[in-house]
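Tertiary structure, described
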Amino acid sequence: MMDVDEPLDFELEDSLLINPVVSNKRKKLMGLDELLTEHYKEQSKLIENEAKKQAKAQKTYDSDEDKNCKEAMLASLLDDCQKQVKAISSGEEMSEWGLCVFGQQKATPPLSFPELGSWSNFQSFMNNELNSLVGLTSEQVCSFLEGLLKNGWLLRLILKCGRVEKTIAVWTFSLMLYSSKEELRSSACEFWCAILSSKIQIDARPIEIDWYPNYSELKRALEIYGFLFNSSSSISAENSSDCKGPPQNIITWIKFTAVYCQIRCKQSVLLTSDCQELAAVIICLFLDRQLQGLSVLMRDCMQSVISSFTDEEWINSYSRIAKSVASRVPLDLNCLRAVQCISGVDTRTKHLKSVVAFEILVNCFDDKVANEEGILTWLISINVKEKSCDFFKMYIYVVLAENWLRYDEMFSEKPVIREMWGLFLRNCSCQISSTDLRPQASKVRNKAAYLLQGIGNS
Amino acid sequence: MEKRKINRGCMEANTLAIIDSSAEFYNHKDSQEAKDDRIDFLEAVRTTSIVPEHGTPPTKKMVEAVFQILKAGESLELIMSSYELLNEIENRFPRVYISESSGNGSRELVVVKEAWLPFVVSLDVMSSEKETKRRNPPGLFDPNGFHELLLGIAEMTYKTISQRLDTKFLGNMLLFQYLVNVLEGDFVPRINMYKESLNWNFLRECLLNMLLVSRRINYKVLMKDCLFTICSLCQDYAGNRNESDCSKTSIEKSPENHNTDVAIALLEVQRTTCMAMQKFMIMIMELDESKQQASMLGQINRSDGARTQLVEIILDELTYYRKVLPQFLQVFNDPKRKLEIIVQYLLKYTSKPSVRTRRSNGSSEDSSFLGILKSFTEISSTKNIIKKLNVEVVQLLLAHAFLAYTSMSSQQPLSSMPNCNEAVIASSSLVEISKNVAAAFNSLRKADEKIQISSLGKEALFTAAMIISTS
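Residues numbered from 1 in each chain as written. Chains lettered and ligands numbered in written order. Predicted model: local features only at pLDDT ≥ 70, side-chain atom pairs only at ≥ 80, totals over all residues.

By the naming in an unreviewed UniProt entry, chain B is suppressor OF NPR1-1, inducible 1, taken from Hibiscus trionum.

The name recorded for chain A in an unreviewed UniProt entry is Arabidopsis SNI1 Associated Protein 1, from Hibiscus trionum.

See the structure below:
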């Protein structure tokens, strides 16, 4: 495994690499943390010294000045020092992931549906003898229908008669996406999910639905929620104070989309390109910290979108999805989040995860290298001992490359790539010394060491 | 095998090292760095155990560490990731499952004894408090702890929405959901085996049973708390709460802007918590039924302890606290159990005391929904019922029973439903039931000219009319 041409480094004899017994590692990790505090102390001392020197120098020039003035100056210098210390320590911390994928919300379309009165069931009920008990008049139709929907009667009636008329379909769809009342939204969503799943459940009678929403309807809803389709307009969450996030309606949107994609095998409702766009949109949703609490729903939805492709569609789709995601995410912790949110449990998501990570890596190098060996050659050529080495970027590269290769099913059949990957990891874990105090250096080193053990085990 | 063991040990040490460094260094416990380490750890567990097709199950220590992250609930990101990971582990490496032996086609229950459990329960009701405290690893749930978790959630449900925008509350609800998932994962294969073999031993050792028979909890109080919590939890999304409190604006304009991530997920998590609580209650009802059956087969001995059936407790509570009846009927939406509860409830008022039969053997015509509806045909008996129960409650019960009935008949085919209580459903058709519901409401009006038909009642009548006219 070891390269003969490499400079001999005592770190190579690290027990970690030859025999992965880890007790040493734990100690070392603790040591690192202590070192880090020491490092903080040293840095601040250095700055204080500097400040003292400066203060001394100033003293010689301004010896005639008033005492008060000196005090003020000292105070301001001290302030500067403190700021510098702060800057150093904050420079060491990586910021969090998080994008603002939702901007200003737009006005919701009106929810009045005068044509509801024409629902055939109403017409027949008006003449029914039972109406003497109910006393339904045509003015109350809308609120009455809302009650039928909220309490679940409407769904029972539809399941019984086996057909949804267009007015009902359009009305429930709009309530689901645009109503401000939680109970109407969620019962409309339950209604749609139930009638849609009647088409895929094995022993259920499929419901005839007179109207299906198309992708533009789903897209329009997202636009109204304020979703920024344009990649350049999505901004880092830290920089924007007015990052409002989407309305609660996004929940029913996600649930509906998940079920809607599932019926693609029975009903041609969404085009392949629509689903490609949906997959990329959902990955973007994962980048908004405000939506973290919905991750279970979002993961279900993504799974459903991805499995809705036929095998043939998938072959033509995954790289488009990956390129679209790669072009949207900034090359910081957000791109790692984008890769991480893809589950990687089944073959398709493994594949997608690998390709997304690869495409982002390609973007990292400004398309200067586009093939696998090229990327690894580039990575290996990075000299971690050079002072200017950017370890934050290194960390991103390590994690991206890890995901690209780990989830690549052909990895075991690419001995050259395997060899190069191992070499890169050894560079990171061995050439960065454990006492390297540069920001993020230890993080890169630890990550590489951890991954190297994985390679050794397999 | 030996090699695999070494690898597991190695894997455990390596992954745990990721969090150990920050945990020991407690000055920085809340730092971003420590949180990042935890996220990395969760990701590492996922990649070693869940991602590979034949992944190595995570060791006890590893699962425990994931569980502690969920329990600590330091940030929404950590809560969500650990919650999802725990459920993935649960699905991927079940503790209890049924294996089909290929030879003679017999099925066998496999219990993975060495698997990690979030519960500390035992069948040994005599074990002293002290002893268990010493044995218990800290942070796991004993029956008491489980009850306390539920009480904590219950307490929060009485607060306003802005007070509930709390990461910890969200975390506790997800923790509860996970614990119910664990109970379910253990219960379902066992009850399936029990139904095949009618051997109570399969269920005697199930976690749920051990939790409920424990002398360290007051089972009845736990069940009552469960009932009231599910009723108050559902109020936000069922629109029962004061509009001004749950309106959109109050959620979005909360003073703490950093809580918008909690705000957007809160109602959804409350809803899933209600579903989990309902699942918990339904499992207990199934356990009760099986226990009763086993008792008739003479398999229950004194050490099994005696518990009041959950359905009885619910019926009593709903009788004494009629106020929660509308909420309960709205949130509890398992049609079969709901119909059963309503029929039992109405039976207390419709049948004459002399012919009142015990639930266990009440399979006569009288105790079915149709039988109940029939008791409304005569004006005098209808008047009698209204006198005992008020008109609003009767309408509410009839409408909800009808709703449950229609749901059951749309879950086709009816006959394939497992363990279906034939007595309650009887063989009456949906149309027949619809006609009788309409007749019952007519008879209510005849008994009292002045009564107002409630909106739910009107909806039920509309539905009944539509079903009659389309048939």
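Let's shift gears to the interface of chain B and chain A. With 54 residues of chain B in contact, the opposing surface of chain A contributes 50 residues. Secondary-structure elements contributing two or more residues to the side of chain B that touches chain A are helix 1 (2-24), helix 2 (32-50), helix 4 (76-92), helix 14 (260-296), helix 20 (391-410), helix 22 (430-447) and helix 23 (455-470) of chain B. Per-element tally for the side of chain B that touches chain A: the top contributor is helix 23 of chain B, with 12 residues. Partitioning the side of chain B that touches chain A into residue classes produces 27 nonpolar, 15 polar and 12 charged. (Contact = placed C-beta atoms within 7 Å. Helix = DSSP H or I, 4+ residues; strand = E, 2+ residues; numbered from the N terminus. Nonpolar A, V, L, I, M, F, W, Y, C, P; charged D, E, K, R; others polar.)

Now for the domain arrangement of chain A. Residue and element names in this part refer to chain A. In terms of domains, chain A is made up of domain 1 (1-20 + 330-458) and domain 2 (100-124 + 137-328). When each unit is reduced to the centre of its C-alpha atoms, the spacing between domain 1 and domain 2 is 39 Å. On the domain 2 side, the residues contacting the 14 residues of domain 1 number 15 residues. Along the lines of polarity and charge, the residues of the side of domain 1 that touches domain 2 split into six nonpolar, five polar and three charged. (Domains from an automatic or database assignment.)

Moving on, we come to the nonpolar core. Judged by nonpolar contacts, the single largest core of 243 residues is most densely connected at Val356(A) and Val66(B). Contact partners of Val356(A), with chain neighbours within four places excluded, come to Ala322(A), Val325(A), Ala326(A), Ala338(A), Val339(A) and Ile342(A). (Core = buried A, V, L, I, M, F, W, Y, C linked by C-beta atoms within 7 Å. Buried ≥ 20, exposed ≤ 12 C-beta atoms within 10 Å, placed from the backbone.)

Before going further, it helps to spend a moment on unusual backbone geometry. Negative phi characterises most residues that are not glycine, and trans characterises most peptide bonds. Although it is not a glycine, Gln440(A) sits at a positive phi angle of roughly 70°. Note on placement: Gln440(A) falls in the loop between helix 19 (415-431) and helix 20 (441-457). Unusually for a residue other than glycine, Leu198(B) sits at a positive phi of about 55°. By the secondary structure assignment, Leu198(B) is in the loop between helix 8 (167-197) and helix 9 (201-204). A tally of 13 C-beta atoms within 10 Å means that Leu198(B) is categorised as partly exposed.

A word on the domain arrangement of chain B. Residue and element names in this part refer to chain B. Here chain B is partitioned into domain 1 (1-93), domain 2 (94-326) and domain 3 (334-470). At the junction of the two partners, domain 2 supplies 11 residues and domain 3 supplies eight residues. Breaking the side of domain 2 that touches domain 3 down by element, the ones donating at least two residues are helix 14, helix 15 (310-320) and helix 16 (325-331). Tallied by class, the residues present in the side of domain 2 that touches domain 3 amount to eight nonpolar, two polar and one charged.

End to end, helix 23 of chain B covers 23 Å across 16 residues, agreeing with the expected 22 Å (1.5 Å per residue, within 8%). With 12 of 16 residues buried, helix 23 of chain B is to be regarded as a mostly interior element. Regarding helix 23 of chain B, the residues found buried are Leu456(B), Gly457(B), Lys458(B), Glu459(B), Ala460(B), Leu461(B), Phe462(B), Thr463(B), Ala464(B), Ala465(B), Met466(B) and Ile467(B). Those residues of helix 23 of chain B hidden inside the fold are in contact with helix 4 (120-126), helix 5 (131-134), helix 6 (141-150) and helix 7 (153-161) of chain A together with helix 20 and helix 22 of chain B. (Expected span 1.5 Å × (residues − 1).)

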